[in-house]
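Residue strings, one per chain:
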Amino acid sequence: MSEMEYKPFLIEVKRGEQIRFVIRNAGTEDHEFLLSTTKGNLAHAAMMKKHPHMKHEEPNGVTLAPKQSAELVWKFTKAGTFEYSCLIPDHREYGMTGRVVVK
């Protein structure tokens, strides 16, 4: 597994389902997990390029130092396709994204 990817890339859930994400940073540098829409993550990524050391306190995300882990619980109340992504500058571009499809 590359340091710049999430496993699994695709998660399918039913609307109303609650999911526990277990996030482990097995890499050698800081990484993030931010759950949003692709549009939301792209806007946030642009802001992160301007402020690369910005810290997050959102309920839909977590920043992890190397070898740390965390859990995030989220209930999907709307159907659609959502994205989890690392918004540290250039990490998303290297492939650190995944999808949640809510049916």
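Residues numbered from 1 in each chain as written. Predicted model: local features only at pLDDT ≥ 70, side-chain atom pairs only at ≥ 80, totals over all residues. Heavy atoms only, no water.

Asks: Can you break down the sheet that holds strand β7 (residues 97-102) residue by residue, with the values?
Replies: Pairing within the open sheet is mixed, and its five strands lie in the order β1-β7-β6-β3-β4. The open sheet is flanked by β1 (10-13) and β4 (61-64), the only strands paired with a single partner. Pairwise comparison of adjacent strand axes, ignoring direction, gives a mean angle of 15 degrees for this sheet. Taken together, the four bridges between strand β3 (residues 31-36) and β4 define a ladder with antiparallel strand orientation. Bridge pairing in β4 links H31 to L64. Seen against the sheet, helix α1 (residues 38-50) touches β3, β6 (80-85) and β7 and runs at an angle of roughly 140 degrees to β3. (Pairing = 2+ DSSP bridges. Helix = DSSP H or I, 4+ residues; strand = E, 2+ residues; numbered from the N terminus. Axes fitted to C-alpha atoms, helices over the stretch in contact; angles between N-to-C directions. Contact = heavy atoms within 4.5 Å.)

Asks: Describe unusual backbone geometry, and please don't skip the residues or the numbers.
Replies: In this structure, P8 follows K7 across a cis peptide bond, with omega equal to 0 degrees. Checked against the element boundaries, P8 lands in the segment before β1. Even without being a glycine, K67 presents a positive backbone phi close to 70 degrees. For K67, the position within the fold is in the loop between β4 and β5 (69-75). The exposure class of K67 is exposed, given its relative accessible area of 61%. Notably, D90 is not glycine yet its phi reads approximately 80 degrees, a positive angle. When you line up the elements, D90 lands in the loop between β6 and β7. (Buried < 20%, exposed > 50% of the residue type's maximum accessible area, 1.4 Å probe, protein only.)

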